[in-house]
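Working through the structure, step by step
Given next are the chains, with one letter for each unit.
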Amino acid sequence: MVESPQIAVDLGGLAPDLGRFCERYLRRYRRHLSAAVERGESGISVCRTHARILDGLFGALFCAAHAAAGHHSRCDRVCLVAVGGYGRGILGLHSDIDVVFLCDDPTDRFVVNLVEAWLYPLWDLGFDIGHAVRGVGETIALAREDIRTATTLLDLRRVSGDESILSELRESAREEIFGPELLEVFLDTLQKDTANRHERFGGSLYLLEPNMKLGRGGLRDVDVVHWTAQARWNVSDLADLVECGALSRREWSELDAAAEMLWRVRNLLHVDAGRRHDRLTFVDQEDASIELGFVDAETLGVEQFMQVYYRHARVVALTAERILQRARIRIRSAPERFLRLGDGTVSFDRQIRFEDSSALSAKPCLALRLYSQVLRLKEPPDSMARDLVVQRTVEPAFREELRGSPEAAKLFLSLLTHVSPSPMRRGSVLLELLDVGLITAMIPEFEPLIARVQHDVYNVYTIDVHSILAVDWLRRLRRGEMARDLPLSTRLAAETPRLAPLHLAILLHELGTSVGGHPARDGARPAGVVAARFGLSAVDVEHVVWLVQESLSFHHWATRRDTSDPDALAEFTSVVGTVDRLRDLYLLTVADLASTSPGALSAWKARTLDDLYLGALAVLEGRNTSSAEGRAQEIRDEVRIGFVGDVSTSLLEEYIAQMPDRYLLANPVDRIRVHARAVRDRKAARVSVHINPGYAPDLAEILLIADDRPGLLADIAAVFAANHLIVVDAQIYTRSANRNEAIDIFHVRRAADEAELDGIRCKSVLTDMEALLAGDTTPEELLARPLPSRAWARRKSPTIATSVLVDNDASSRFTVVDVYTRDRPGVLHTIARTLYAEGLSIALSRVNTEGERVADAFYVEQSCGGKIRSPVALSRIQSAVQEAMSVLL
């Protein structure tokens, strides 16, 4: 352990050497503290030692300053008081240091001299010390108005000086701030301040890069427990909360372990940064996981570490909430309302509680009855009843009996499928069931998902919370809250007849992520076990298994495959089989995406899901039985109607006759007419660029017409990158007329913080494209343009491996190249250039960005037409794209 400081030297006699002495003292002990952190010693122990080290230095300096300040005048009492974390005797290596000089007269010259004589040497050493000089009355007055000052009164600790004035302040605070009549006001203010702090730092404890000090579940919430314990029960050691009944021994043990882990990680952050640093960034997560001994296995070591972190943070957050509730003092002569509910629960003061709390052990179903009544009466659970449930759900016998009860299964499914908002703080009955342990009691297979993370910037929530939020999204759809933005999803959610299997499948769709391998396939079997245990029929069990097994399929087909291709639709519908399966898989996918992260279900992505659903529905209902050629001809006939009366009808009809069938199948009739007129008006221009509204509010369509030549897509991609446009979809066509004419359609969105797409941006694209085609510039010169700092600037994020797959079975006409890699400027250009260099022609590109990861699909053929058949050539394509991505910065 770190050696405790022993200072017995009279620093007053060392004035000339004072600075050097203090510097040697600090250097010696800071070196020892850093070594202790790196050795993996107790985080709390290191921080307590740090506080004692400063006590030795500050106390000795106080004595020297006291002697140097001159004679006392009116001020007889001065005390150097540690407050904040330093006052609690637990201080991070680079944490804030706060002290108060408590005295009878802050204006006295002696006090001023004393404070200056104490501070100057510390400032010279680089200390940034928060200090105040106050009397008892002033401090109490401030505490009445300011919660920060009020909490410092619970952290007071003498470092040096007169003890009597500190005792006077403590007695005054106990009477005037934390007395019986005032305690409720303090607790209300503390609770509001805590909620506001959580909101400022992201609200959720499951943030990708959490603030370990001030975020929800961080060390400040440990302080909230401490302050509440001091104010309500007058205990300074949190272990004493067990003796007074405020915490169970298990709750105290969990809180102690959580605080230890948080302090240990925070110490690592401070040592590595060499300064105060409380945000657990992606880089810090990877470094800390290694320091703490987590190693990659089926799950990445950093993901294992963050799962442990979130579990501890959750303990801290829930304990802070519980202790604030338990500290409440309510004195009423009689309840405002008392109503027996007839199932072992009662409504008491418009809160639901157990009629006989001792009955819960013998009747575990009471726990679920409690929450059924919460939803029925829209009244929250009583905090004591909630605590009883928390205590019981960790008991193996209680959990086993609960799982074996048919009534419990029925009640749980009723809670799972309940559509109305719940009266819980976060509006979700499932999040409440997760917090009190009822989800894992009923579904132990869910336990490995608790606080489990996926180390990327796309999945914002831990897997357990994401799964629950996905079910809550389905509730929102069923309530009609998203009718304006998601009309199809809303209608289908309201019409779905089989609520239990769909809700259960959504809740369980991530079970396979705890196994490794293929998440959907590996999660299907345990999902079936759970469904059978809940008493679902054999048909519904099979439905749950199928939905979990195919939970990734709909998104894959919608965003990475050509769903305008009848062959692709036929293959997809052969997997789905029935309209019921199609509807529920679609709803699962919508709920899954919407709860992944804000913005994951973009308008473009919602449109692609809708298109696949409607196309597959038409096939399943027999409304899409004609051949692709027949359907394309029907569309041509419909387009021609809009050309009637146009002076150039023959030119427009010539355009649609010369365009390939897949173009007709992929674009709306009105948009085809717009394209035809743009092609007609090009005349002899080298290149023509038109910007039209996209099929989603955040997108624009750019139609680019030019003489076709090999490598054109790579050049266009360079122009778009230079103009800060992000391509989300690309259709590549060639029209054989007097000259081979490329008619390429892109749906693009603007880069972050860029201006809206408009005529100015369209003109810039046209200018760059003309310069490129004329040979006045090169793709390399365009890509070398400086990008706006905010458009592509990325902080360090988790490593994203590049994966290239070549598939000859995904399309009847084309070879499909799937590329998964990190998003960065020039990705599309580099892939297109590489495929061109391999002698390939790109017919279609599906571009999909998920956070920092792109998942792009390219439909390619040989320059002479047809798929690439040679295994050697297929392998060479894969290697070439992989190599190109590895050297792209």
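Look up a bit, the structure's there.
Residues numbered from 1 in each chain as written. Predicted model: local features only at pLDDT ≥ 70, side-chain atom pairs only at ≥ 80, totals over all residues. Heavy atoms only, no water.

**Some words on the packing of helix α26 (residues 566-576) against helix α28 (residues 603-620)**
As a reminder of what qualifies: In this analysis, axes come from line fits to C-alpha atoms, helices being fitted only over the stretch in contact, and the angle between any two N-to-C directions falls in the range 0 to 180 degrees. Strands here are runs of E lasting at least two residues and helices are runs of H or I lasting at least four, both read from the DSSP assignment and numbered beginning at the N terminus. Should an angle lie under 35 degrees it is considered roughly parallel, over 145 roughly antiparallel, and from 65 to 115 roughly perpendicular; all remaining angles are considered oblique. Any two residues whose heavy atoms approach within 4.5 Å at even a single point are treated as in contact. Following the grouping adopted for this structure description, the nonpolar residues are Ala, Val, Leu, Ile, Met, Phe, Trp, Tyr, Cys and Pro, the charged ones are Asp, Glu, Lys and Arg, and the polar ones are all others, Gly among them.
At a minimum axis separation of 9 Å, α26 and α28 run at an interaxial angle of 75 degrees. Between α26 and α28, the crossing angle belongs to the class labelled roughly perpendicular. Contacts between α26 and α28 pair Leu569, Phe572, Thr573 and Val576 from the former with Leu612, Gly615, Ala616, Val619 and Leu620 from the latter. The residue makeup of the contact of α26 with α28, split by class, is seven nonpolar, two polar and no charged.

**Focus: empty space enclosed by the protein**
Going by this rule: Cavity and pocket criteria rest on a 1 Å grid covering protein atoms alone: a 1.4 Å probe that fits but cannot get out defines a cavity, protein on both sides within 12 Å along at least 5 of 7 lines defines an open pocket, and an atom within 4 Å of a point defines a lining residue. Grid points are joined across faces, edges and corners, and a volume is the space filled by probe spheres set on the points.
Taken as a whole, this structure holds six cavities of 30 Å³ or more when the rule is applied. Along the walls of the largest cavity sit 19 residues, with Leu725, Ile726, Val727, Val827 and Leu828 positioned nearest its centre. Looking at the lining of the largest cavity, the elements that each hand over two or more residues are α33 (712-722), β10 (725-736), α37 (827-837) and β16 (853-862). Across the lining of the largest cavity, the residue classes break down as 12 nonpolar, four polar and three charged.

**Quick notes on the pairing of strand β2 (residues 97-103)**
Cut-off, in case you're wondering: Exposure classes here rest on a 1.4 Å probe applied to the protein chains alone. A residue is buried below 20% of its type maximum, exposed above 50%, and partly exposed in between. Note on pairing: DSSP must find at least two bridges between two strands before they are called paired.
Among the seven residues in β2, six count as buried, and that is most of the element. Relative to β2, strand β1 (residues 78-83) runs antiparallel, the two sharing six bridges. From the neighbouring strand, Cys79 faces β2, where its bridge partner is Leu102. Relative to strand β3 (residues 129-134), β2 runs parallel, the two being bridged by six bridges. When the sheet's bridge partners are listed, Leu102 is paired in β3 with Arg134.

**Topic: a negative patch on the surface**
Just so we agree on the cut-off: The residues that make up patches have over 30% relative accessible area and no salt bridge, and they are joined within 9 Å when like-charged or within 5 Å when they are Val, Leu, Ile, Met, Phe, Trp or Tyr. In these tables, accessible area is a Shrake-Rupley quantity obtained with a 1.4 Å probe, and a residue counts as shielded only by the protein chains included in the view. Each reported salt bridge corresponds to a side-chain nitrogen of Lys or Arg within 4 Å of a carboxyl oxygen of Asp or Glu. A residue counts as positive if it is Lys or Arg and as negative if it is Asp or Glu; His and the chain ends are not included. For charged residues, the charge sits on one atom: NZ in Lys, CZ in Arg, CG in Asp, CD in Glu.
Together, Glu38, Asp272, Asp287 and Glu291 line one region of the surface with negative charge. By the element assignment, Asp272 lies in helix α11 (residues 249-273). Look at Asp272 and you get partly exposed, because its relative accessible area is 48%.

**Let's talk about the side chain of Thr815**
Worth spelling out the cut-off: As used in this structure description, the phrase polar contact means that two N or O atoms lie within 3.5 Å; if the pair is within protein, one of them must be able to donate a hydrogen and the other to accept it, and residues adjacent in sequence are counted only when both atoms belong to side chains.
Relative to the elements of secondary structure, Thr815 occurs in strand β13 (residues 815-822). Of the residues examined, Thr815 reaches a relative accessible area of 0% and is grouped as buried. Among the polar contacts made by the side chain of Thr815, one reaches the side chain of Asn808 at a distance of 2.5 Å. Only 3.2 Å separates the side chain of Thr815 from the backbone nitrogen of Ile868, close enough to count as a polar contact. The contact partners of Thr815, leaving out residues within four places of it in the chain, are Val806, Asp807, Asn808, Phe858, Tyr859, Val860, Lys867, Ile868 and Leu874.

**Observations regarding the sheet that holds strand β6 (residues 345-348)**
The antiparallel open sheet is built from three strands, whose spatial order is β5-β6-β7. The strands lining the two open edges of the sheet, one partner per strand, are β5 (338-340) and β7 (351-354). Strand-to-strand, the axes of this sheet are offset by a mean angle of 25 degrees, without reference to chain direction. Note: β6 against β7, four bridges, orientation antiparallel. Among the inter-strand pairings, Val346 is bridged to a residue of β7, identified as Arg353. In this fold helix α14 (residues 365-377) packs onto β6 and β7, with an angle of close to 160 degrees to the strand it touches most, β7.

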